[in-house]
Amino acid sequence: MKSLMRFDQLSEMSDDALLKAYANGIPEASQILTDRFMSKIFTQAFHRVRNEADADDIAQEAMLRLWRIAPNWKQGNAKISTWLYKVVYNLCIDCIRQKKTVHLDAVTEPVDDRQNVTNYLLNQSRANALYSALAKLPVRQREAVSMRHLECISNPEIAEKLELSIEAVESLIARGKRALSDALQSQKSELGYQND
């Protein structure tokens, strides 16, 4: 079976079937699963820890954990995407907790080789304003808006992860976006947006 299975045949397999194939000694299955999930879990981690290197480490650790549990994976218990989402979420919490204990004296100043400092500072101000406004939203709204617009997760997947109906998710997202717009409205000019 190993030698007869072509890459394009593997590409058509479900996530569960690919994980089983990997557990049965078909290494190409891991590449397809990595292609399917790595950018999503990196994005999820980045929006939680806001550090590219940490997000990359978290995404890689989540995939390593998936490979380790592959032989024991029970199809039908959970979707791989949901399992990975929870693993990444927990790894992010651990990372944030560890970062809180680092003293500033122990952190080296990073070298910034970006050419346009003004745009960088403006983008940072915009991101900080967005994250500050997000933090003030009710928890469910914040999670729904973040998953949809920062982590690019579809509404049906969000509904599954939050254990809500799709309609409830759509409502949470709509209310959250309105609240964000209201919260950021007074900062439009200082964040470099023109009044239309």
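Parameters at a glance
Residues numbered from 1 in each chain as written. Predicted model: local features only at pLDDT ≥ 70, side-chain atom pairs only at ≥ 80, totals over all residues. Heavy atoms only, no water. Helix = DSSP H or I, 4+ residues; strand = E, 2+ residues; numbered from the N terminus. Buried < 20%, exposed > 50% of the residue type's maximum accessible area, 1.4 Å probe, protein only. Contact = heavy atoms within 4.5 Å. Phe/Tyr/Trp six-rings, centres within 6.5 Å; stacked < 30°, edge-to-face > 60°. Lys NZ or Arg CZ within 6 Å of the ring centre and 35° of its normal. Salt bridge = Lys/Arg side-chain N within 4 Å of Asp/Glu carboxyl O.

### Points about the side chain of Thr-82
Point 1. Relative to the elements of secondary structure, Thr-82 occurs in helix H5 (residues 80-100).
Point 2. Residue class for Thr-82 comes out buried when judged on its relative accessible area of 10%.
Point 3. The contacts of Thr-82, once residues within four sequence positions are left out, are Glu-160 and Lys-161.

### Quick notes on the packing of aromatic side chains
Point 1. In total, this model carries three aromatic pairs according to the counting rule given.
Point 2. A ring pair is formed by Phe-42 and Phe-46, whose centres lie 6.2 Å apart and whose planes are at 20°; its orientation type is stacked. Within this pair, Phe-42 and its partner Phe-46 are both found in helix H3 (residues 28-49), separated by four residues, close to a single helical turn.
Point 3. Centroid distance Trp-73 to Trp-83: 6.1 Å. Interplanar angle 90°. Geometry classified as edge-to-face. Residue Trp-73 is found in the loop between helix H4 (52-69) and H5, and its partner Trp-83 is found in helix H5; the two are separated by 10 residues along the sequence.
Point 4. Taking the ring centre of Tyr-131 as reference, the NZ or CZ of Arg-50 above it sits at 3.6 Å.

### Some details on the environment of Arg-140
Point 1. Relative to the helices and strands, Arg-140 resides in helix H7 (residues 139-150).
Point 2. C-alpha separation for the pair Arg-140 and Leu-162, spaced 22 residues apart in sequence, amounts to 8.2 Å.
Point 3. If sequence neighbours within four positions are ignored, Arg-140 has contacts with Leu-162, Leu-164 and Leu-172.

### Considerations on helix H2 (residues 15-23)
Point 1. Residues of H2 that are buried include every one of Asp-16, Leu-18, Leu-19 and Ala-21, and no others.
Point 2. A positive backbone phi angle near 95° is found at Gly-25, which sits one or two residues after H2.

### Notes on the pattern of salt bridges
Point 1. Inspection of the entire model under this criterion finds seven salt bridges.
Point 2. Its salt-bridge partner being Arg-48, residue Glu-151 comes within 4.0 Å of it at the nearest N-O pair. Of the two residues, Glu-151 is situated in the loop between H7 and helix H8 (155-162) and Arg-48 in helix H3; the sequence distance between them amounts to 103 residues. Just as Glu-151 is buried, Arg-48 falls in that class too.
Point 3. Measuring nitrogen to oxygen at the nearest pair gives 2.9 Å for the salt bridge that ties Glu-61 to Arg-65. Pair noted here: Glu-61 and Arg-65 are both in helix H4, with a separation of four residues, about one helical turn.
Point 4. Since its relative accessible area comes to 23%, Glu-61 is described here as partly exposed.
Point 5. Under the relative-accessibility criterion, Arg-65 is labelled partly exposed at 34%.
Point 6. Here the residues in one salt-bridge network are Arg-48, Glu-143 and Glu-151, joined through shared partners.

Just distances and angles here, no functional claims.
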